[in-house]
Amino acid sequence: MEKQIIEYPCQWSFRIIGAEEALIRCAVEEYMKTATYQLTASNVSRSGKYVSINLETIVLNEDERNRIYIDVKNMACV
């Protein structure tokens, strides 16, 4: 399978899953600081225990995209 070629800069979407939407939004706001981004609610688990939110932002290169992915993955609220 060939690696997908991505042309940077580009808009990228990250899905964040956690227990409380408000905590996720607060953590993303703190992390992204002055960067331009958009958060949109996505899904709620059947039991209501988890929510997912899409974070969309412009990434300048693969390193930045991977850094955001790792940092968001390691957020305490997620």
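Residues numbered from 1 in each chain as written. Predicted model: local features only at pLDDT ≥ 70, side-chain atom pairs only at ≥ 80, totals over all residues. Heavy atoms only, no water.

**Student:** Even after reading the chapter, I still don't get the packing of aromatic side chains, so can you show me in this structure?
**Tutor:** How two aromatic rings sit relative to each other is set out by the distance from centre to centre and by the angle between their planes. The tally for this structure, following the rule as stated, stands at 0 aromatic pairs. Across from the ring centre of Trp-12, 4.7 Å away, lies the NZ or CZ of Arg-65, which sits over that ring. (Phe/Tyr/Trp six-rings, centres within 6.5 Å; stacked < 30°, edge-to-face > 60°. Lys NZ or Arg CZ within 6 Å of the ring centre and 35° of its normal.)

**Student:** What's the story with the sheet that holds strand S1 (residues 10–18) in this structure? I'm lost.
**Tutor:** Sheets are built from strands that pair by backbone hydrogen bonding, the pairs being arranged parallel or antiparallel. The strand order across the open sheet formed by 3 strands is S1-S3-S2, and the pairing between neighbours is antiparallel. The open sheet is flanked by S1 and strand S2 (37–44), the only strands paired with a single partner. Taken over all neighbouring pairs, the strand axes of this sheet differ in orientation by 25 degrees on average, direction set aside. Summarising the sheet, S2 and strand S3 (residues 51–59) pair through 7 bridges and their orientation is antiparallel. Bridged to Thr-40 within S3 is Asn-54. On the sheet, helix H2 (residues 62–73) packs against S1 and S3 and is oriented at approximately 155 degrees with respect to S3. (Pairing = 2+ DSSP bridges. Helix = DSSP H or I, 4+ residues; strand = E, 2+ residues; numbered from the N terminus. Axes fitted to C-alpha atoms, helices over the stretch in contact; angles between N-to-C directions. Contact = heavy atoms within 4.5 Å.)

**Student:** Sorry, what's going on with H2 here?
**Tutor:** For an α-helix the count is 3.6 residues per turn, leaving residues at separations of three or four pointing the same way. Compared with an ideal rise of 1.5 Å per residue, which puts 12 residues at 16 Å, H2 spans 16 Å between its outermost C-alpha atoms and is within 8% of the ideal. For H2, the complete set of buried residues consists of Glu-64, Arg-65, Ile-68 and Val-72. Mapping the buried residues of H2 onto a view down its axis gives an arc of 100 degrees, with all of them on the same face. Those residues of H2 that are exposed and aimed more than 90 degrees away from the buried face are Asp-63 and Lys-73. Buried positions along H2 lie against S1, helix H1 (21–32) and S3. Its side-chain oxygen at 3.2 Å from the backbone nitrogen of Asp-63, Asn-61 defines the N-terminal cap of H2. (Expected span 1.5 Å × (residues − 1). Buried < 20%, exposed > 50% of the residue type's maximum accessible area, 1.4 Å probe, protein only. Arc of directions from axis to C-beta. Polar contact = N/O pair within 3.5 Å; in protein donor to acceptor, adjacent residues only side chain to side chain.)

**Student:** Could you clarify how one ought to interpret the pattern of salt bridges in this entry?
**Tutor:** Between side chains of opposite charge, pairing is possible as soon as their charged atoms come close. In this structure the tally under the stated criterion is 5 salt bridges. The partner of Asp-71 in a salt bridge is Arg-67, with the nearest N and O atoms 3.9 Å apart. Of this pair, Asp-71 and Arg-67 are both found in helix H2, 4 residues apart, which corresponds to roughly one turn of the helix. A relative accessible area of 30% places Asp-71 in the partly exposed class. Residues joined by salt bridges that share partners form a network here, namely Lys-3, Glu-62 and Arg-65. (Salt bridge = Lys/Arg side-chain N within 4 Å of Asp/Glu carboxyl O.)

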